[in-house]
Amino acid sequence: MSSWVKNLIVGIVIVAVLYVVNAMLSSSGFFGLGVDDYQGRLLAFIAINIILATSLNLINGFTGQFSIGHAGFMAVGAYSSAYFTVNYGKALESSFAFMGEIGAASVVLLIAIVIGALVAALAGLIVGIPSLRLKGDYLAIVTLGFAEIIRIVILNIDAVGGATGYQVPGYANFLWIGIFAVITVVVIHNIVKSDTGRALISIREDELAAEAMGVNTTRYKVTSFVIGSAFAGIAGVLFAHYNKFLSTNDFQFIRSFEIIIMIVIGGMGSMTGAILGAIVVTLLPEILRQLPGIQIGDSVFQVADLRLVIFALILILTMILRPQGILGTREFGLSWLKRPRKDSEGDEGDATDKGVPIAQQSEAKKMQSEEDKK
Amino acid sequence: MDTFVQQLINGLTIGSIYALIALGYTMVYGILRLINFAHGDIYMVGAYAGFILATSLGFASDPSAFGFVVTLVGAMAIAAAIGMAIERFAYRPVRKFSKMTTLITAIGMSLLIEYLFVFFFSGTPRSFPQLLPNDNITLFGNATISTSQILIFVVSILLMVLLQYIIYKTKIGKAMRAVSFNINSAKLMGINTDFVIAFTFALGSALAAAGGVLTAQYNPKIEPLMGIITGLKAFVAAVLGGIGNIPGAVLGGLLIGAAETLVVGYGSYIGIPSTYRDAVAFAILILVLLLRPAGLLGSNVQEKV
């Protein structure tokens, strides 16, 4: 079976599964198997967060550029596309009326997504070109600053609601959000596995060495930043048209931090890690919200009131006990089923020792461990 | 002219507070290369510690200079202890790990402090008692300066002089400078680096708490999330001046404070509405970093290959 047929089948299966899940989320349910709106919203937010986490992982995890302003690009995508759908959505819908109600709404959403992605990519380019000259903490601060400036500028544009918030038509449903989450994961996975991805990883490992090997580091860093921003924009579009309401409070720097937390908890530089992190960070506060109260004397102590405190504690403890995140840089998959058992142990050591004469390996390891101590 | 002087006085008042907080950011960064995101919350903790001291010791109903000093020093001591505890239990275990890990730990610590305070004191703002009489003194024309502003200037200058003395004239200050220069060499020279780092956190936290109590005298509304934006701006001030550089932090704080109030006062003349107040700090920061990546007073460190 040629590979594109295989991919096509996989694609159809994924869309079919998402379609079924989407049908289950409707209030009538799917053959009576519906889940309630609350769980439906959670699923949609998980998928949106997966888009955000995997796209930020491209910048932070694979390219090693410390960006903490992802929510800014999400806001750009959300507001630019919302402005489009609010003002032109109805007109477009009627001109595509021949495709039926759902078809017309989908066309409008797809156009909105293209607009959101392009505007966010443009914002990424404008922010990225000057700031990516900086390194490490300074880059982090500048991206944070840009994200805050973007938010405050949007707050002052009356055409998109300003401080009162912005009503947006609800074109997105879980089916579209899920499809774009899958597209994001596949595209970023393919980028990471491509020549470009190798160049990005070489920049993460050692920027000077990468440059010496002929990698145009500036170009690749900006490329990765722009692609990441475009996907953040898509997440913003989906968020806007799913939530049906936008407020600049949704894009404060705490939102950017949340995305960072997802990729760090999951494991930096791991695709599946980012996905896992997105799921954990979205679900954890909700699970903690449902903690039962404790009866103390006559009064009931609501443990759920402490949910954000517990969340913060879990975050700190994860960092202390498992600093590389749940998965580290490894990927979670089914490959361990195929692999003989003994391979799984010495995996990491083999990878770093490749190409180093055996006599020098222990020396290199010693230097590595000293490096780590610093 | 009068309004300009007035704006400048107000700006420098806020700027002094930013400077006090920025000092903590810059000292910790200088030693650990860690952006201590929880530092802004220590400023809030200081304000609350002062609030509790002032109300429980009865200074609120009977204001006096003695009450103010006790409140200020007490709040500084409590914050210093909390700062040391944070360093010991959250930052020390992750110190050897990657930057991302320490940053997330700091963010987690910040969230922890904020939501613990929301839980115990509720999110509603409280009114900090006025411990010293607050009068307006007319300088010239219509420009006035309030006694609480004078208090902020005097106390922050005193604390900065004291800090300068500690860092350049005492043994522990010398150790701090050695550790920030090269932590491993300092350790080899017999310096107890763990103690020096803990001391740095105590010092920085005490300064931030002083900032919290002083702000509360000027603007009595305190709430558990008050440290987020102020902390962020103080951090921007530290980077602006050149992070790790102590005079730089003071300069950065004063600049950001002055720029902010001037934009509110005069921005509308050049097309910047006053609602951009919070964006000013970041805009200045980005401009400065792009033109002079090490900050205004920071020295450019060459990367070794």
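Structure: see above.
The following refers to the structure shown. Predicted model, so just to flag it, every value in this text is computed and none were measured.

## Section: the overall build of chain B
If you tally the helices and strands in chain B, you get eleven helices and four strands. For chain B, the C-alpha radius of gyration of 19 Å lies close to 19 Å, the compact-globule estimate for 305 residues. Along the first, second and third principal axes, the C-alpha atoms of chain B reach 60 × 50 × 40 Å. Considering only residue pairs separated by 6 or more positions, chain B has 76% of its internal contacts joining residues 24 or more positions apart. Of the roughly 12900 Å² that chain B leaves accessible, carbon and sulfur atoms contribute 67%.

## Describing the overall build of chain A
Scanning chain A for helices and strands turns up 15 helices and four strands. For chain A, the residues scored as buried account for 49% of the 374 residues in total. Restricting to contacts in chain A with at least 6 residues of sequence separation, those with at least 24 account for 77%. Per element, the accessible surface of chain A, about 18600 Å² overall, is 64% carbon and sulfur.

## What to know about a nonpolar patch on the surface
Taken together, the side chains of Leu122, Leu125, Ile126 and Ile129 of chain A present a nonpolar region at the surface, about 380 Å² in accessible area. When you line up the elements, Ile129 of chain A lands in helix α4 (residues 100–131).

## Some words on the pattern of salt bridges
Following the criterion strictly, the structure yields 14 salt bridges over all chains and no others. Between Glu148 of chain A and Arg151 of chain A there is a salt bridge, with the nearest N and O atoms lying 3.4 Å from each other. Here Arg151 of chain A and Glu148 of chain A lie together in helix α5 (residues 136–155), a separation of three residues that amounts to about one turn. When its relative accessible area of 10% is taken as the criterion, Arg151 of chain A is described as buried. For Lys233 of chain B, the salt bridge goes to Asp278 of chain B, with nearest N and O atoms at 2.7 Å. With a gap of 45 residues between them, Lys233 of chain B in helix α9 (residues 226–241) and Asp278 of chain B in helix α11 (residues 277–291) connect regions that are remote in the sequence. Salt bridges sharing common partners tie together Glu87, Arg92, Arg95 and Asp194 of chain B.

## Focus: helix α2 (residues 37–62) of chain A
All names here are of chain A. Between its first and last C-alpha atoms α2 spans 36 Å; for 26 residues at 1.5 Å apiece the expected length is 38 Å, and the two agree. For α2, the principal kink sits at Leu56 and spans about 35°. Counting buried residues along α2, 20 of its 26 residues qualify, which places the element largely inside the surrounding structure. Gly64, located one to two residues past α2, shows a positive phi value of around 75°.

## Regarding the pairing of strand β3 (residues 143–146) of chain B
Regular strands have side chains that alternate between both faces of the sheet. Residue and element names in this part refer to chain B. Relative to β3, strand β2 (residues 136–140) runs antiparallel, the two being bridged by four bridges. Counted as the bridge partner of Phe140 is Ala143 from β3. The turn linking β2 back onto β3 is made up of two residues, and Gly141 within it adopts a positive phi angle of 60°.

## Here we look at the nonpolar core
Counting residues in hydrophobic clusters, the biggest one holds 210 residues, and the most contacted among them are Leu238 and Leu246 of chain A together with Tyr91, Met109 and Ile113 of chain B. Setting aside residues no more than four positions away along its own chain, Met109 of chain B makes contact with Ile316 of chain A together with Ala38, Ile86, Ala90 and Tyr91 of chain B.

## Thoughts on the interface of chain B and chain A
Counting residues at the interface gives 44 residues for chain B, matched by 42 residues for chain A. Of the roughly 3900 Å² buried where chain B meets chain A, counting both sides, 83% is carbon and sulfur surface. Taken as a group, Met100, Ile104 and Leu290 of chain B account for 16% of the area that chain B buries against chain A, more than any other trio of residues on that side. Along the contact surface separating chain B from chain A lie one salt bridge. Our count for the chain B to chain A interface comes out at four residue pairs in polar contact (both at pLDDT 80 or more). Considering each element in turn, the side of chain B that touches chain A owes the most residues, 14 residues, to helix α4 (residues 99–121) of chain B. Looking at the side of chain B that touches chain A, its residues break down into 34 nonpolar, five polar and five charged.

## Considerations on the side chain of Arg255 of chain A
Checked against the element boundaries, Arg255 of chain A lands in helix α10 (residues 253–266). Those residues within four positions of Arg255 of chain A in sequence are excluded, and the remaining contacts are Asn49, Leu52, Ala71, Met74 and Asp250 of chain A.

Here is what the cut-offs are and how they apply
Residues numbered from 1 in each chain as written. Chains lettered and ligands numbered in written order. Predicted model: local features only at pLDDT ≥ 70, side-chain atom pairs only at ≥ 80, totals over all residues. Heavy atoms only, no water. Helix = DSSP H or I, 4+ residues; strand = E, 2+ residues; numbered from the N terminus. Rg over C-alpha atoms; globule rule 2.2 N^0.38 Å. Contact = heavy atoms within 4.5 Å. Areas by Shrake-Rupley, 256 points an atom, 1.4 Å probe, with all protein chains shown as cover. Buried < 20%, exposed > 50% of the residue type's maximum accessible area, 1.4 Å probe, protein only. Patch = residues over 30% accessible without salt bridge, like charges linked within 9 Å, V, L, I, M, F, W, Y side chains within 5 Å. Salt bridge = Lys/Arg side-chain N within 4 Å of Asp/Glu carboxyl O. Expected span 1.5 Å × (residues − 1). Bend = angle between axes of the 7 residues up to and from the residue. Pairing = 2+ DSSP bridges. Core = buried A, V, L, I, M, F, W, Y, C linked by side-chain atoms within 4.5 Å. Buried area = accessible area lost by both parts, 1.4 Å probe. Polar contact = N/O pair within 3.5 Å; in protein donor to acceptor, adjacent residues only side chain to side chain. Nonpolar A, V, L, I, M, F, W, Y, C, P; charged D, E, K, R; others polar.

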